[in-house]
Amino acid sequence: MKQEDGGAKAQAQGNLNSAPKAAIPPYMKAISGSLGGIVEASCLQPIDVIKTRLQLDRSGNYKGIAHCGTTIARTEGVRALWKGLTPFATHLTLKYALRMGSNAMFQSVFKDPKSGKISNQGRLLSGFGAGVLEALAIVTPFEVVKIRLQQQRGLSPELLKYKGPVHCARMIVKEEGILGLWAGAAPTVMRNGTNQAAMFTAKNAFDILLWSKHEGDGKVLLPWQSMISGFLAGTAGPICTGPFDVVKTRLMAQSREGGELKYKGMIHAIRTIYSEEGLRALWKGLLPRLMRIPPGQAIMWTVADQIIGLYERRHLKMAEL
């Protein structure tokens, strides 16, 4: 009888170990991402303004990152470095909520129903799907407004075409139609899809490799550990997607006010920039992107990991008892 009881206990323990782990619900991922986005936007907006100005600089007015930043501060005031903060912060908050939530939903589709594990291919596809969704639903219209505001020089409202985010959006719709808010959608989809496929896969890999952290194990990374994983995960995307980002910015910045559009689409823009400005122009603004995106991911994941870790510790562990 004792042997039978021991065998039954061992079998039950084996079934418990082989059972799929409880998953973190998508809404918790969405909440963690949105809070991380607020903190990130507040810290890194000046770098985004400098990146946009460098990408739009065809005549070589700015000699580099430092010169661009000091020129803006000297000629337009320090506040100009936070131009477009309202749409940027709103866009980051909504974008990260959608990105984290939709990625969790896509991953649930690709997970093995028995083990609860997801393959690297499934993780890549989930990240790409989340990137495409955020690009079409949130990123493109918000970045069109942000870039139009950032390319304006000066702080005097009466001299600016666009008086603010809402006025800017209304003017674009009035002059260019509703689709004007989705200018540059194709390169944005390619950029964000590729970025998120790489980022989610890399973040999971670095968590396992560096800290032996697996999703759902109840282990909460220390803030500095999340910062390192997030920073490393955020470096690959900008290098791979530089041309898409430059083309996106050029397509979003142009308007029909002066007549015909210079760039007819993504492929035409790539060819035109390459023929007129050379291959390196397709990676304009790469350094400020590397100065903004990896630190931004470090900040976002530091906040998100703490929230998700707290949920894992309080709810998932209790569910296992």
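See the structure above.
Report follows, based on the coordinates. Just so you know, these numbers come straight off a predicted model, no measurement behind them. (Residues numbered from 1 in each chain as written. Predicted model: local features only at pLDDT ≥ 70, side-chain atom pairs only at ≥ 80, totals over all residues. Heavy atoms only, no water.)

Moving on: the environment of N120. Mapped onto the fold, N120 is located in helix α5 (residues 120-150). Judged by relative accessible area, N120 falls into the exposed class, the value being 54%. Note: C-alpha distance between N120 and N204 (84 residues apart in sequence) is 9.7 Å. (Helix = DSSP H or I, 4+ residues; strand = E, 2+ residues; numbered from the N terminus. Buried < 20%, exposed > 50% of the residue type's maximum accessible area, 1.4 Å probe, protein only.)

Where helix α4 (residues 85-110) contacts helix α7 (residues 185-211), the axes come no closer than 12 Å and their chain directions differ by 70 degrees. As far as their axial angle goes, α7 and α4 are roughly perpendicular. Note on packing geometry: the crossing formed by α4 with α7 is right-handed. Where α4 approaches α7, its residues R99, M100 and N103 are matched on the opposing element by Q196, M199 and F200. Partitioned by chemical class, the residues of the contact of α4 with α7 number 3 nonpolar, 2 polar and 1 charged. (Axes fitted to C-alpha atoms, helices over the stretch in contact; angles between N-to-C directions. Parallel < 35°, antiparallel > 145°, perpendicular 65-115°, else oblique. Left-handed = near helix turned anticlockwise from the far one by under 90°. Contact = heavy atoms within 4.5 Å. Nonpolar A, V, L, I, M, F, W, Y, C, P; charged D, E, K, R; others polar.)

In this section: the nonpolar core. Counting residues in hydrophobic clusters, the biggest one holds 17 residues, and the most contacted among them are M100, M300 and W301. Listing elements by their share of this core, those giving two or more residues are α2 (26-56), α4, α7 and α12 (286-320). Of all the elements, α12 adds the most residues to this core, at 6 residues. Setting aside residues no more than four positions away along its own chain, M100 makes contact with K29, A30, S32, G33, F200, M300, W301, A304 and I308. I147, L149, L181 and A253 belong to the second largest nonpolar core, which has 12 residues in total. (Core = buried A, V, L, I, M, F, W, Y, C linked by side-chain atoms within 4.5 Å.)

Together, L209, L210, L222, W224, I228, F231 and L232 make up a nonpolar patch on the protein surface, roughly 650 Å² of accessible area in all. Only α7 and α8 (223-233) provide two or more residues apiece to the nonpolar patch. Take the nonpolar patch: its biggest share by element is 4 residues, from α8. Structurally, the position occupied by W224 is in helix α8. (Patch = residues over 30% accessible without salt bridge, like charges linked within 9 Å, V, L, I, M, F, W, Y side chains within 5 Å. Areas by Shrake-Rupley, 256 points an atom, 1.4 Å probe, with all protein chains shown as cover. Salt bridge = Lys/Arg side-chain N within 4 Å of Asp/Glu carboxyl O.)

Taken by themselves, the reported measurements are silent on function.
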